[in-house]
There are 2 protein chains.
Amino acid sequence: MSFSAEAYFASQPPPPTLQHDVEQVREFVKRQAKEGRNVVLVTSGGTTVPLELNVVRFLDNFSAGTRGATSAEYFLKAGYAVIFMHRQFSLQPFSRHYSHSTNPFLDFLEIEPPSSSSPDADPGISVTPNKRHDLLNVLTEYKRVHALGTLHTLTFVTVDDYLWLLRALSQELAVVGRRAMFYLAAAVSDFFLPRQKMSEHKIQSGKGNLSIEMDQVPKLLKPLAEDWTKGGYVISFKLETDDNLLLPKARQALERYGHQVVIGNDLHRRKFEVVFVSKKHLHGPPPNPRPATDGSDEFLEHWLRINVAHTNQTPGFPLKEIEEDIVAELVRRHTEWIARTP
Amino acid sequence: MSFSAEAYFASQPPPPTLQHDVEQVREFVKRQAKEGRNVVLVTSGGTTVPLELNVVRFLDNFSAGTRGATSAEYFLKAGYAVIFMHRQFSLQPFSRHYSHSTNPFLDFLEIEPPSSSSPDADPGISVTPNKRHDLLNVLTEYKRVHALGTLHTLTFVTVDDYLWLLRALSQELAVVGRRAMFYLAAAVSDFFLPRQKMSEHKIQSGKGNLSIEMDQVPKLLKPLAEDWTKGGYVISFKLETDDNLLLPKARQALERYGHQVVIGNDLHRRKFEVVFVSKKHLHGPPPNPRPATDGSDEFLEHWLRINVAHTNQTPGFPLKEIEEDIVAELVRRHTEWIARTP
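Parameters at a glance
- Residues numbered from 1 in each chain as written.
- Chains lettered and ligands numbered in written order.
- Predicted model: local features only at pLDDT ≥ 70, side-chain atom pairs only at ≥ 80, totals over all residues.
- Heavy atoms only, no water.
- Helix = DSSP H or I, 4+ residues; strand = E, 2+ residues; numbered from the N terminus.
- Buried < 20%, exposed > 50% of the residue type's maximum accessible area, 1.4 Å probe, protein only.
- Contact = heavy atoms within 4.5 Å.
- Buried area = accessible area lost by both parts, 1.4 Å probe.
- Salt bridge = Lys/Arg side-chain N within 4 Å of Asp/Glu carboxyl O.
- Polar contact = N/O pair within 3.5 Å; in protein donor to acceptor, adjacent residues only side chain to side chain.
- Nonpolar A, V, L, I, M, F, W, Y, C, P; charged D, E, K, R; others polar.
- Pairing = 2+ DSSP bridges.
- Core = buried A, V, L, I, M, F, W, Y, C linked by side-chain atoms within 4.5 Å.
- Least-squares fit on C-alpha atoms with pLDDT ≥ 70 in both.
- Axes fitted to C-alpha atoms, helices over the stretch in contact; angles between N-to-C directions.
- Phe/Tyr/Trp six-rings, centres within 6.5 Å; stacked < 30°, edge-to-face > 60°.
- pLDDT = per-residue confidence, 0-100.
- Expected span 1.5 Å × (residues − 1).
- Parallel < 35°, antiparallel > 145°, perpendicular 65-115°, else oblique.
- Left-handed = near helix turned anticlockwise from the far one by under 90°.

Focus on the overall build of chain A
Stage number 1. Looking only at helices and strands, chain A has eight helices and 14 strands in total.
Stage number 2. Across its three principal directions, the C-alpha atoms of chain A cover 75 × 60 × 40 Å.
Stage number 3. The buried share of chain A, reckoned over its 342 residues, is 55%.
Stage number 4. For chain A, contacts bridging at least 24 residues in sequence account for 75% of all contacts bridging at least 6.

Written as structure tokens, this is what we have:
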């Protein structure tokens with residue numbers, strides 16, 4: 001069956017940490033509002049669908065959280081306050097440069113023998129010279145952001161955590177009105193298993209095949225854009241593996257949910273190519289007007305591409321990240337959006 | 001349907017990197033054999049079951065990889081060579097102490113202002129004094145192991161990767177005979193989706209509920225213990241959420257697969273309590289003989305428990321880890337096993 005948002009929230013229990021998480025965000029938003037900052041909610045990473053109440057198995061969505069973690073850094077650099085709502089253990093801004101697999105930080109620490117003047121002292125620890133420059137940049141920005149207090153991080157695991165948090169936080173962000181942005185980069189499951197259908201203990205094997213039947217997750221974009229936010233600028237993502245579906249699905253989402261931008265990306269090209277799809281009446285005439293590829297006059301498409309060779313350099317430090325351009329374009333649009341008081 | 005091991009390997013394609021991975025392991029094992037070390041294959045982390053050929057969605061098994069990564073460190077300390085075959089992005093020995101979520105390393109690096117004698121020099125980076133001691137210990141052991149060349153790491157993602165690698169590596173380890181140990185701590189899916197049933201592109205939502213039907217994964221423990229290894233000591237794990245199933249399922253596994261030890265653990269108590277289940281005839285009389293709880297004379301049970309309060313201290317550095325005792329007990333048993341030439 002298909003749950004409406006109301007039916008979903010009426011029948012599924014909230015996560016136990018919801019109240020605590022919301023209070024922390026409320027404090028954060030209040031402080032940012034006082035200091036006059038725009039606030040972006042960045043969601044990042046995949047959601048799980050547990051198959052058991054005592055979870056051993058779950059359905060997951062592929063996402064390391066690169067898009068969200070990288071974008072969050074560029075939003076911080078642009079002066080935004082960032083609420084970073086991410087899947088537990090997915091990538092985070094700053095530490096993302098030092099994945100334990102591709103660029104482990106233990107590899108560039110060195111043990112310094114005690115000096116001859118104090119041979120009994122503990123050995124010191126230093127950073128390998130050719131790694132110092134990059135690390136210093138990351139560390140400087142990390143400490144700047146922490147000192148300013150413009151980054152607030154919270155986590156989700158299941159699709160239920162995600163849905164409850166998204167509703168609550170978008171309501172909290174109503175305080176900053178049009179200065180709020182929603183950058184919904186998390187890979188959210190389209191399906192879930194209602195609590196009432198879950199098995200209490202680990203599903204036992206050896207009893208034949210596994211059959212799972214899941215319900216559709218309610219679409220929260222429409223109530224978010226219509227009711228929960230008060231004028232916030234809402235961006236969703238559409239990831240496809242079949243190129244032919246990308247633009248039609250993006251347009252369909254805008255029609256259905258009435259938000260501002262869909263960023264479309266293909267699974268295999270997402271590091272160097274994305275398309276912004278939006279409705280013309282929300283933006284006024286574009287810089288270079290051109291007919292939309294569906295022949296209609298209703299939609300705008302704006303492609304961003306970077307040199308694919310620049311995305312694959314030193315581990316953790318590519319020459320160029322497409323998120324830099326995505327964020328710059330969104331900051332431009334959001335600034336216009338805020339100026340255009342309705 | 002249920003696949004036999006033969007039917008599985010005959011019908012499912014091997015991962016493209018298999019040959020490369022196996023050659024590297026062959027070199028590693030050859031060197032360890034020459035240097036006279038025991039070799040343990042540690043598997044760690046959960047396996048995925050992709051639902052699509054262009055993977056967006058997958059079924060996963062809950063596992064951060066703590067058991068495997070921690071145990072690998074203690075095996076290295078005990079002088080074993082370790083093949084660490086783990087789920088991509090799951091915890092690894094050494095770096096596990098510095099999870100980006102619970103103990104992020106950027107938090108204990110400090111920027112040192114240039115000294116007054118050379119004010120134009122780049123700022124230096126140093127380690128916060130109260131974190132230096134723990135980091136120095138980890139780093140020293142990390143560098144010792146790398147200099148010795150006793151750790152070889154390789155990764156899997158899907159259950160198919162895992163099954164193909166397990167068969168190939170256990171065959172490679174036949175070279176060291178009884179000096180091989182298999183410490184199968186990975187959380188392997190009981191179900192999989194045969195290639196022939198997979199959908200090519202992302203499963204589209206909006207077309208009703210999701211129904212998945214999966215086949216059972218072939219049990220490789222029996223051919224591993226009977227055919228592939230030549231006298232290696234094989235340990236499997238049994239994780240349950242229902243206490244009443246733990247011992248019966250552990251005994252059943254020993255009966256079915258004929259390997260040496262099942263380590264049973266409950267999902268919520270696994271950090272401070274495990275039980276070793278083995279068959280009496282494989283071990284001779286235990287130090288403190290006692291009737292098995294099933295009333296039969298066939299099985300031995302050996303419980304290991306540590307103080308639960310000791311498992312929750314400084315992030316990344318608990319006072320005591322149960323893996324220390326698990327590995328000590330296994331090294332003792334394996335040493336006896338090697339001495340007892342059949």
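Quick notes on the interface of chain A and chain B
Stage number 1. On the side of chain B, 64 residues touch chain A, which itself brings 64 residues to the contact.
Stage number 2. For the pair chain A and chain B, the summed buried surface comes to about 6300 Å²; carbon and sulfur atoms form 58% of the total.
Stage number 3. When the buried surface of chain A facing chain B is broken down by residue, His100, Leu106 and Ile125 of chain A rank first, second and third, together holding 11% of it.
Stage number 4. On the surface where chain A and chain B come into contact, there are two salt bridges.
Stage number 5. Taking the shortest distance from any N to any O, the salt bridge between Asp190 of chain A and Arg57 of chain B comes out at 2.4 Å.
Stage number 6. Linking chain A with chain B are eight residue pairs in polar contact (both at pLDDT 80 or more).
Stage number 7. Among the elements of the structure, strand S3 (57–61), strand S5 (109–112), strand S6 (124–127), helix H4 (129–148), strand S10 (210–216), strand S11 (233–240) and helix H7 (243–257) of chain A are those that each provide at least two residues to the side of chain A that touches chain B.
Stage number 8. Broken down by element, the residue count for the side of chain A that touches chain B peaks at eight residues, all from H4 of chain A.
Stage number 9. Across the side of chain A that touches chain B, the residue classes tally to 30 nonpolar, 19 polar and 15 charged.
Stage number 10. Here S10 of chain A runs beside strand S10 (residues 210–216) of chain B; their pairing, made up of five bridges, is antiparallel.

Remarks on unusual backbone geometry
Residues and elements named next belong to chain B.
Stage number 1. Of note, the phi angle at Phe89 is positive, near 75 degrees, even though the residue is not glycine.
Stage number 2. Summarising the element assignment, Phe89 is placed in the loop between strand S4 (81–87) and strand S5 (109–112).
Stage number 3. Unusually for a residue other than glycine, Phe94 sits at a positive phi of about 75 degrees.
Stage number 4. Mapped onto the elements, Phe94 comes out in the loop between S4 and S5.

Topic: the nonpolar core
Stage number 1. Membership of the largest hydrophobic core comes to 112 residues, with the highest contact counts inside it found for Ile83, Leu173 and Met214 of chain A together with Ile83, Leu173 and Met214 of chain B.
Stage number 2. When sequence neighbours within four positions are dropped, the list of residues in contact with Ile83 of chain A reads Val25, Phe28, Val29, Val39, Val40, Leu41, Val42, His152, Leu154, Leu169 and Leu173 of chain A.
Stage number 3. With 88 residues, the next largest nonpolar core counts Ala69, Tyr80, Val261 and Leu330 of chain A among its residues.

Some words on the relation of the copies chain A and chain B
Related by rotation about an axis and a shift along that axis, the two copies of the chain form a pair.
Stage number 1. Note on the identical chains: chain A maps onto chain B by a rotation of 180 degrees and an axial translation of 0.0 Å, with an RMSD of 0.0 Å. A rotation of that kind, with that shift, is consistent with a two-fold axis. Nearest to the rotation axis, the C-alpha of Leu59 of chain A is located 2.1 Å from it, this being the minimum over chain A.
Stage number 2. Most of the interface of chain A is mirrored in chain B: 100% of its interface residues are interface residues there too.

A few points about the sheet that holds S10 of chain B
Strand pairing in a sheet relies on backbone hydrogen bonds, with the paired strands running either antiparallel or parallel.
Stage number 1. What the four strands build is an open sheet, ordered S9(A)-S10(A)-S10(B)-S9(B); its pairing is antiparallel. Of all strands in the sheet, those with a lone pairing partner are strand S9 (191–192) of chain A together with strand S9 (191–192) of chain B, marking the two edges.
Stage number 2. Sheet topology note: the S9 of chain A/S10 of chain A ladder contains two bridges and is antiparallel. Bridge pairing links Phe192 of chain A to Asp215 of chain A in S10 of chain A.

Observations concerning the pairing of S4 of chain B
Residue and element names in this part refer to chain B.
Stage number 1. With seven of its seven residues buried, S4 lies for the most part within the structure.
Stage number 2. One ladder, built from six bridges, connects strand S1 (residues 39–44) with S4; its direction is parallel. Paired with Val40 across the bridge in S4 is Val82.

A word on the sheet that holds strand S2 (residues 48–50) of chain B
Stage number 1. Spatial ordering of the open sheet is given by S2(A)-S3(A)-S3(B)-S2(B), a layout of four strands whose pairing is antiparallel. Edge positions in the sheet fall to strand S2 (48–50) of chain A together with S2 of chain B, since each of these pairs with one other strand and no more. Averaged over neighbouring strand pairs, the angle between their axes works out to 25 degrees when direction is ignored.
Stage number 2. Summarising the sheet, S2 of chain A and S3 of chain A pair through three bridges and their orientation is antiparallel. Among the inter-strand pairings, Val49 of chain A is bridged to a residue of S3 of chain A, identified as Leu59 of chain A.

A closer look at the environment of Ser44 of chain B
All names here are of chain B.
Stage number 1. One can find Ser44 in strand S1.
Stage number 2. For Ser44, a relative accessible area of 1% puts it in the buried group.
Stage number 3. When the C-alpha positions of Ser44 and Leu135 are compared, they lie 24 Å apart, and in sequence the two are 91 residues distant.

Observations regarding the packing of aromatic side chains
Stage number 1. What the rule picks out here adds up to 29 aromatic pairs over all chains.
Stage number 2. Note on Tyr233 of chain A and Trp337 of chain A: the rings are 5.4 Å apart at their centroids and 65 degrees apart in plane angle, and the pair reads as edge-to-face. Here Tyr233 of chain A is found in strand S11, whereas its partner Trp337 of chain A is found in helix H8 (residues 322–339), with 104 residues between them in sequence. One exposure class covers both Tyr233 of chain A and Trp337 of chain A, and it is buried.
Stage number 3. Ring centres of Phe75 of chain B and Tyr183 of chain B lie 5.3 Å apart, and the angle between their planes is 80 degrees; this geometry places the pair in the edge-to-face category.

Quick word on the confidence of the model for chain A
Stage number 1. Chain-level statistics for chain A give a pLDDT mean of 89 and a share of 91% at 70 or above.
Stage number 2. Within the model, pLDDT remains below 50 along residues 284–289 of chain A, and this stretch shows two contacts once partners closer than five positions in the same chain are excluded.

A few points about H8 of chain A
Residues and elements named next belong to chain A.
Stage number 1. Here H8 spans 26 Å end to end across 18 residues, near enough to the 26 Å set by a 1.5 Å rise per residue.
Stage number 2. Every buried residue of H8 is accounted for by Ile322, Glu323, Ile326, Val327, Glu329, Leu330, Val331, Arg333, His334 and Trp337.
Stage number 3. Contact partners of the buried residues in H8: helix H3 (66–77), strand S8 (180–184), S11, strand S12 (261–266), strand S13 (273–279) and strand S14 (299–305).

Some points on the packing of helix H3 (residues 66–77) of chain B against helix H8 (residues 322–339) of chain B
Residue and element names in this part refer to chain B.
Stage number 1. In the contact formed by H3 and H8, the axes pass within 9 Å of each other and the chain directions differ by 55 degrees. Between H3 and H8, the crossing angle belongs to the class labelled oblique. With respect to the hand of their crossing, H3 and H8 are arranged in right-handed fashion. Listed contacts from H8 to Thr66, Arg67, Thr70, Ser71, Tyr74 and Phe75 of H3 are Ile322, Glu323, Glu324, Ile326, Val327, Leu330 and Val331.
Stage number 2. For the contact of H3 with H8, the per-class residue count stands at seven nonpolar, three polar and three charged.

What to know about the pattern of salt bridges
Stage number 1. With the rule as written, the count across this model stands at 44 salt bridges over all chains.
Stage number 2. Among the salt bridges present, the one from Glu298 of chain A reaches Lys279 of chain A, with a minimum N-O distance of 3.0 Å. A residue pair is termed long-range when its members are at least 10 positions apart, and Glu298 of chain A in the loop between S13 and S14 and Lys279 of chain A in strand S13 qualify at 19 residues.
Stage number 3. Across the pair Arg26 of chain B and Glu172 of chain B runs a salt bridge, and its minimum N-O distance is 2.9 Å.

Some thoughts on helix H6 (residues 221–228) of chain B
An α-helical turn contains 3.6 residues, so a residue and the one three or four places further along point in the same direction.
Stage number 1. Within the span of H6 of chain B, buried status applies to Leu221, Pro223, Leu224 and Trp228 of chain B.
Stage number 2. Close packing links the buried residues of H6 of chain B with helix H1 (5–11), helix H5 (159–172), strand S8 (180–184), strand S11 (233–240) and helix H7 (243–257) of chain B.

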